[in-house]
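One letter stands for each residue in the lines below.
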Amino acid sequence: MSKKESNKDMTSCVYCGKKIPANPSPFSVHVVTRSHPVCSLECRQGVEEFVRKDKKNKKFMYYFLVLAALLILVGSLIFLKSMKLLGPGIAAAGCGMFFFPYPVNYFDNFYGCCIKKTTVISRVIGAVLMALGVFFFITAFI
């Protein structure tokens, strides 16, 4: 059996990314209208917790992103030369991504980049944005 053929028979756990057989596994999680494969009971519980937190907290991420956009827009209109609100705006976007790492994503995309990796990537981007926001805020007053 060639490598290409064997890859057809494999899929990825949507939570941890581990390769698992494409056949229906005893561990799967039902999200909205479809069932998604997971490799273990722990991953199933992780997906269920992620979906629960996503439904409950995603709106807060949106609030932070809207706040960030408003701060940057208002700051660019009021403080044309110094951009004093640019730093807080970028930091607000970073806070939203760091504390509420629920990216705007279709659930099927987690086959390519699993939930664990997506959460880490979102938090890293959020931390970088927060650091940039603090940097820009400090340099605006120098």
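The structure presented is a predicted model; accordingly, all values stated were derived computationally and were not measured. (Residues numbered from 1 in each chain as written. Predicted model: local features only at pLDDT ≥ 70, side-chain atom pairs only at ≥ 80, totals over all residues. Heavy atoms only, no water.)

Helices and strands together make up the secondary structure of the protein chain, namely four helices and four strands. Along the chain direction, N to C, the helices and strands of the protein chain fall in the order α-β-β-β-β-α-α-α. Looking at the 142 residues of the protein chain, the share that counts as buried comes to 32%. Within the protein chain, contacts between residues separated by at least 24 positions form 59% of all contacts whose residues are at least 6 apart in sequence. Carbon and sulfur atoms provide 67% of the accessible area of the protein chain, an area that totals close to 9,200 Å². (Helix = DSSP H or I, 4+ residues; strand = E, 2+ residues; numbered from the N terminus. Buried < 20%, exposed > 50% of the residue type's maximum accessible area, 1.4 Å probe, protein only. Contact = heavy atoms within 4.5 Å. Areas by Shrake-Rupley, 256 points an atom, 1.4 Å probe, with all protein chains shown as cover.)

Attention now goes to the packing of aromatic side chains. Counted under the stated rule, the structure contains six aromatic pairs. A ring pair is formed by phenylalanine 60 and tyrosine 63, whose centres lie 6.0 Å apart and whose planes are at 75°; its orientation type is edge-to-face. Of this pair, phenylalanine 60 and tyrosine 63 both sit in helix α2 (residues 41-78), three residues apart, which is roughly one turn of the helix. We classify phenylalanine 60 as partly exposed; its relative accessible area is 34%. Tyrosine 63 sits in the exposed class, given a relative accessible area of 53%. Aromatic pair phenylalanine 64 and phenylalanine 100: ring centres 6.0 Å apart, planes at 35°, arrangement tilted. Of this pair, phenylalanine 64 sits in helix α2 while phenylalanine 100 is found in the loop between α3 (86-99) and α4 (115-140), placing the two residues 36 residues apart along the sequence. Taken together, the ring pairs in this structure connect Phe60, Tyr63, Phe64 and Phe100 into an aromatic cluster. (Phe/Tyr/Trp six-rings, centres within 6.5 Å; stacked < 30°, edge-to-face > 60°.)

Per the counting criterion, the structure on display carries zero disulfides. Cysteine 39 supplies the cysteine sulfur nearest to cysteine 16, a cysteine that is in no disulfide, at a spacing of 3.5 Å. Lacking any disulfide linkage, cysteine 114 is separated from the closest cysteine sulfur, that of cysteine 113, by 5.9 Å. (Disulfide = S-S within 2.5 Å.)

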